[in-house]
Amino acid sequence: MQSIYKSLTKIVDEEFVSNQKEELYIYSQDPGMMEPHEPDFVVMPKTTEEVQEIVKLANKEKIPIVPVGGSLSLSGLVIPHQGGIVVDLRRMDQVLEVNEESRYIVFEAGLTTGKLKAYLEKYHPLLRFSIPDAPPSATVVGNIVIHGQGRLTQQYGFNSDMVTGMEVVLPTGEVCKIGSGSVSPYWFSLAPLPDLAGLFLGWFGTTGIITKMGLKLYPKKKLRDIEVFAVEDPNLVPDVIQRVTHTEMSEDIFTGAQPYPPVFKDIIMIGILLTGDSKEELEFKRKMIWDALQCHIDSKEGGFMMMTPDVKQDLLEMPTSSTTRFADVKKGGGFEYCGPIIPVEKFPEAFTRLLEITKKYGITFGNAGRVIGRSHSMMFSFGYPFNRADPENIERTKNALHDTNVASLDIGGVPWKPEVPAQKMIMEKMDKSTLELMQRIKKVLDPNGIMNPGNWEVE
Amino acid sequence: MYELKIDEKTCETCPTFDCLVRCQYIDIDKDTAKTEMKKMISGEDSFVLHDCVTCYACEEYCKRGNHPFYLITDLQEERGILPMPKPLKTQFVNISVPTRRDIIQFYGAEEPVISLCLFPQYTRLFSEEKLFEELSIIIGRYFFCHLMYLHSGNPSLIRERLPKIIDNIANHGFKEVIFFHDECYSTLTSYTTAYSIEVPFKPIHFNEYLYNKLKDQQTKIQPLNAKVAFQRNCSARLTPNVEDFVDDIFNLIGAERVERQYDRENALCCGGIIRGQQRYDLFVDVQTRNVDDMLNAGVEYCVFQCPACFDSLSEKVAEKGIKPIMMHDLCLLAIQGSDK
């Protein structure tokens, strides 16, 4: 092991390599429920070449290697279950290019969402990216690799649908470009080439390490506002979403329900974000959306909520910090959720299962959903805050999480960024030929099985 | 249970039926008004029950003290007529459910005491501002007046919970309580009188307290010399007898409450509740007319008594270049100088 440490210090400066207990501890866990496991080494490369050398070393020594961004998936996706080398990419955080005319950006893999947001606000105020509701320390690539969603997801799909190119270090050490950047100096598009991006998106770093990425940027409107439509009956939610998405007037649509504080009890909120370059544009869109939901207003089953300016401000914040506040409602710093991607019409069933599970285990919950595309699907989160200092509370939450994964698959959804046990449940249910294809791809790309082992792995 | 004191004969002999004829949101002539009032007093359905925006104004228009608005809201509930959608009604009910934060928020409070209702954003002001430093504060859901249920079609909740709220205050031995929110004051004076609910302490309107404080410190006042519009809030309709304090305060601080179409008894609703009732077009129309009226009157400030009105209308007012300001802040401006 000492020889590997020495080899790593030859690749990067010694101050960016560690095998010290206190530093390994940090990389042994995330805020979720998965068991911690320490790596043997942590290394922080600065360049693609350094990443390449680290991967070559790991492949030669056949030791596990786990690429890490913000470590915020909550589902233990970068916990080094079998030890090895954790490659923390956060020193690679440079913006390399912004093309204002073709509206794309190229950046390094460790760039955080917070830094990118600030960078664009300062240097390209007319452009924006799809900011996820993760803490600003989440990396853009980390969010995209797990098929994250963001504030532009209702308009343009998963954040991973916005990728225009990549640079990847393959598990065998080759550096490979994906998309137009492989044949041109411009990283504007994955098409019209064969779509190789799919070999790396959703794989949780098991097929290679993304070192650079190209991403679509979008027009940033001058004004933003929000309306929140409230209903009590979950059966109405799909119709509300249908009607609002039909108008094509909203920036983002999310759902929310939670029993605490009492003001939110027994209602389901559907947040509808609006943008415009003028008051007139904003008001036109608002009116279209109000008109679209008139039938639910007339029946008295639904209505637009009255909001104080501070509540409105909270909801307009990007990323929202209210999620973080809710995550600590039980105190003790624990928060876990399963956010399956489901067909929109399955919202009522998912909601019913959420209530059943929380009742069964006597735990509280927060539901946050986000519409993906024009009602093409949605993320429906079963969120459970828990107290890390209360073993009994942890146990109940673990059981609830298990039941939630079962329920997600039962209703026809697919758990999003699933932890290892949930990955196994998915693979058990998966079409056998599809599973075999995944295994064959994995074998071809990573013959020694060094990349983030434990994930997407068939026993 | 507490019953509304309403006299059928008083209505029958009314020469004007101003309660409905003067309504700014329902177009209704005297004959129709007479017919509809008769129906409602008999407990029958009326289109008024469905079209009412719950602005409270008819309570002020009735000079015979016969509580047409309380009658309307009681009948709405009795007949299951919802002025606003079910989920918003649920939310209204949930707002008053006490949480851990509400547990006894008056330890150590001594008179003079002010109730801040559910507006914690003003706690610092009343704790730190010299003008108010003598005041003890009580705040939270154990002191919440519940009058808002007049808007949501479930006023029986007021009668159910109000006696307990009154007890919470009275049990502490307070003889007088200043109410920051006009709505609380109106509840403990007008509403309790109409339903014969006993209040064993003296409610003081915040404006009365404010006026007296300003009077004490009159030498420190630097007249604002500003034209202002005053946005009356709905519950002010229940207690027009204390309206004079508004003018008295304005006189003291050199604020000219300019003549305009939508002031005093002709005041328009801030629009918040109309929006809550999902009448978007009416909401836009009412706010636009109101703000245009302020603009035409050439005012510098729009002065609010009620924080909820402020939330509802301040943005629209500010967009037009008029400064939205709460009454107490305007007074502080006069005491401390506009640089503060």
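How each quantity is defined
Residues numbered from 1 in each chain as written. Chains lettered and ligands numbered in written order. Predicted model: local features only at pLDDT ≥ 70, side-chain atom pairs only at ≥ 80, totals over all residues. Domains from an automatic or database assignment. Contact = placed C-beta atoms within 7 Å. Helix = DSSP H or I, 4+ residues; strand = E, 2+ residues; numbered from the N terminus. Nonpolar A, V, L, I, M, F, W, Y, C, P; charged D, E, K, R; others polar. Axes fitted to C-alpha atoms, helices over the stretch in contact; angles between N-to-C directions. Left-handed = near helix turned anticlockwise from the far one by under 90°. Pairing = 2+ DSSP bridges.

### Quick word on the domain arrangement of chain A
Piece 1. Looking at chain A, the domain boundaries give domain 1 (1-220) and domain 2 (223-410).
Piece 2. The interface of domain 1 of chain A with domain 2 of chain A comprises 18 residues on the first partner and 20 residues on the second.

### Considerations on unusual backbone geometry
Piece 1. The amide bond that connects Ala191(A) to the next residue, Pro192(A), takes the cis arrangement and shows omega of 10 degrees.
Piece 2. With respect to the helices, strands and loops of the structure, Pro192(A) is situated in the loop between strand 9 (175-179) and strand 10 (209-216).
Piece 3. Omega for the peptide link from Glu111(B) to Pro112(B) comes to 0 degrees, which places this bond in the cis form.
Piece 4. Along the chain, Pro112(B) turns up in the loop between helix 7 (86-95) and strand 1 (113-115).
Piece 5. Notably, Arg264(B) is not glycine yet its phi reads approximately 55 degrees, a positive angle.

### A closer look at the interface of chain B and chain A
Piece 1. Of the residues lining the interface, 18 residues belong to chain B; the matching set on chain A comes to 20 residues.
Piece 2. When contributions to the side of chain B that touches chain A are tallied by element, the ones reaching two or more residues are helix 7 and helix 14 (272-276) of chain B.
Piece 3. Take the side of chain B that touches chain A: its biggest share by element is 7 residues, from helix 7 of chain B.
Piece 4. When the residues that make up the side of chain B that touches chain A are grouped by side-chain class, the tally is 8 nonpolar, 7 polar and 3 charged.

### Quick word on the environment of Pro319(A)
Residue and element names in this part refer to chain A.
Piece 1. Following the sequence through the fold, Pro 319 ends up in the loop between helix 10 (309-316) and helix 11 (322-327).
Piece 2. When the C-alpha positions of Pro 319 and Lys 287 are compared, they lie 26 Å apart, and in sequence the two are 32 residues distant.
Piece 3. Residues in contact with Pro 319, not counting those within four places in the same chain, are Ile 131, Pro 132, Asp 133, Ala 134, Pro 135 and Pro 136.

### What to know about the packing of helix 7 (residues 237-247) of chain A against helix 8 (residues 279-292) of chain A
Residue and element names in this part refer to chain A.
Piece 1. Helix 8 packs onto helix 7 with a crossing angle of 145 degrees between their chain directions and a minimal axis gap of 9 Å. Note that helix 7 runs across helix 8; the crossing there is right-handed. Residues Arg 243, Val 244, His 246 and Thr 247 of helix 7 form the contact with helix 8, whose participating residues are Met 288, Ile 289 and Ala 292.
Piece 2. Looking at the contact of helix 7 with helix 8, its residues break down into 4 nonpolar, 2 polar and 1 charged.

### Overview of the sheet that holds strand 1 of chain B
All names here are of chain B.
Piece 1. Within the open sheet, the 4 strands sit side by side as 2-1-3-4. Their pairing is parallel. Whereas interior strands pair on both sides, the edge strands pair on one side only; in this sheet they are strand 2 (136-138) and strand 4 (202-205). The mean inter-strand angle of the sheet, taken between neighbouring strand axes irrespective of direction, is 35 degrees.
Piece 2. In terms of strand pairing, strand 3 (residues 176-179) meets strand 4 through 4 bridges, oriented parallel. In the sheet register, Val 177 faces strand 4, and the bridge partner there is Pro 203.
Piece 3. Seen against the sheet, helix 11 (residues 182-194) touches strand 1, strand 3 and strand 4 and runs at an angle of roughly 140 degrees to strand 4.

### Some thoughts on the domain arrangement of chain B
All names here are of chain B.
Piece 1. Taken domain by domain, chain B consists of domain 1 (8-78), domain 2 (86-209) and domain 3 (217-336).
Piece 2. Computed from C-alpha atoms alone, the centre-to-centre distance between domain 2 and domain 3 is 23 Å.
Piece 3. The interface of domain 2 with domain 3 comprises 17 residues on the first partner and 16 residues on the second.
Piece 4. Of all the elements in the fold, those that place two or more residues in the side of domain 2 that touches domain 3 are helix 11 and helix 12 (206-216).
Piece 5. The element contributing the most residues to the side of domain 2 that touches domain 3 is helix 11, with 7 residues.
Piece 6. Residue classes in the side of domain 2 that touches domain 3 are distributed as 6 nonpolar, 7 polar and 4 charged.

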